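Residue-level structural notes
The residues making up each chain are set out below.
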Amino acid sequence: MGRMWTGRDFLSALDGVESAVALNPSAPLARHFLACILEFTGRPAEALPHLEAILRLDPHYRFRSLAIADQSLCHLLLDNLDEAISTAEKAVRIQPGNVRARQRLVAGLSLRGFSDRARAAAMELSRLQPTLDIAYIEDTYPFMLSHERERFVGALRAAALLET
């Protein structure tokens, strides 16, 4: 996974994690890593079954809220905005301090055209994560496809979460 975040070596990261899942398909963490790589390499539809499998394999998965937040990002990338919003809200209900879920909620609301709700969600997120800036997005959202990154960043900016 580090190869994807630090080196943006998507193919190497994907190869390694696919091998781990093939060796142990019931390992939730390996599936979560695979889903993250797929969602950030322009393959969110392929990531969703792995995220759903995690929650079936381990209903008490330690990173359950994060896995649901990743479902939200996949739906956002697939333009299933209502689903992106509802899954982000579910992740926030499970873990109110999950800033990743809140970031995706803001983006989904913004893209859906719910400007007032997006700004309110952005204000709440700003209280939890006052240092959120474009550098954080660059470091922690390793989108391989620039148009996906631009859409996500644009949605956060439209909600007045990031400076223009």
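In case you missed it, the structure is sitting above this.
These remarks concern the structure in this document. (Residues numbered from 1 in each chain as written. Predicted model: local features only at pLDDT ≥ 70, side-chain atom pairs only at ≥ 80, totals over all residues. Heavy atoms only, no water.)

Check the secondary structure of the protein and you find 10 helices and 0 strands. Starting at the N terminus and ending at the C terminus, the protein contains elements arranged as α-α-α-α-α-α-α-α-α-α. In the protein, the share of contacts with a sequence separation of at least 24, taken over all contacts with a separation of at least 6, comes to 60%. For the protein, the accessible surface area stands at approximately 7,900 Å², while carbon and sulfur atoms represent 54% of it. (Helix = DSSP H or I, 4+ residues; strand = E, 2+ residues; numbered from the N terminus. Contact = heavy atoms within 4.5 Å. Areas by Shrake-Rupley, 256 points an atom, 1.4 Å probe, with all protein chains shown as cover.)

As a further point, take the pattern of salt bridges. For the structure shown, the criterion picks out 8 salt bridges. Arg 151 serves as the salt-bridge partner of Asp 79, at 2.5 Å between the closest nitrogen and oxygen. Here Asp 79 is found in the loop between α5 (64–77) and α6 (81–94), whereas its partner Arg 151 is found in helix α10 (residues 146–158), with 72 residues between them in sequence. The salt bridge partner of Arg 112 is Asp 82, with a shortest N-O separation of 2.7 Å. Pair noted here: Arg 112 is in helix α7 (residues 99–112) and Asp 82 is in helix α6, with a separation of 30 residues, a long-range link. By relative accessible area, which is 47% here, Asp 82 ends up partly exposed. (Salt bridge = Lys/Arg side-chain N within 4 Å of Asp/Glu carboxyl O. Buried < 20%, exposed > 50% of the residue type's maximum accessible area, 1.4 Å probe, protein only.)

Before going further, it helps to spend a moment on the nonpolar core. Ranked by size, the top nonpolar core spans 28 residues in total, and within it Leu 73, Val 106, Ile 137, Phe 152 and Leu 156 carry the most contacts. Elements represented by at least two residues in this core include exactly α5, α6, α7, α8 (115–128) and α10. Residue contributions to this core peak at 5 residues, all from α7. If we skip the residues at most four places from it in the chain, Phe 152 touches Leu 73, Leu 76, Gln 103, Arg 104, Ala 107, Ile 137, Tyr 141 and Phe 143. Ile 37, Tyr 61, Ala 67 and Ala 69 belong to the second-largest nonpolar core, a separate cluster that totals 19 residues. (Core = buried A, V, L, I, M, F, W, Y, C linked by side-chain atoms within 4.5 Å.)

Moving on: α10. Along its 13 residues, α10 runs 18 Å from first to last C-alpha, staying within 8% of the 18 Å computed at 1.5 Å per residue. Among all positions of α10, only Glu 148, Phe 152, Val 153, Ala 155 and Leu 156 are buried. Each buried residue of α10 sits inside an arc of 155° when the element is viewed along its axis, so together they form one side. The exposed set on the far side of α10, more than 90 degrees from its buried face, consists of His 147 and Ala 158. Of the surrounding secondary structure, the elements contacted by the buried residues of α10 are α3 (28–40), α5, α7 and α9 (134–140). Looking one or two residues beyond α10, the residue adopting positive phi is Ala 160, at roughly 65°. (Expected span 1.5 Å × (residues − 1). Arc of directions from axis to C-beta.)

This model, assessed by the stated rule, comprises 6 aromatic pairs. Aromatic pair Phe 143 and Phe 152: ring centres 5.8 Å apart, planes at 55°, arrangement tilted. The pair formed by Phe 143 and Phe 152 is uniform in burial state, with each residue classed as buried. Members of the aromatic cluster, each reached through a chain of ring pairs, are Phe 40, Tyr 141, Phe 143 and Phe 152. Over the ring of Tyr 141 we find Arg 100, and its NZ or CZ is 4.0 Å from the ring centre. (Phe/Tyr/Trp six-rings, centres within 6.5 Å; stacked < 30°, edge-to-face > 60°. Lys NZ or Arg CZ within 6 Å of the ring centre and 35° of its normal.)

Along the polypeptide, Gln 71 turns up in helix α5. For Gln 71, the contacting residues outside a window of four places in its chain are Leu 48, Leu 51, Glu 52, Leu 55 and Thr 87.

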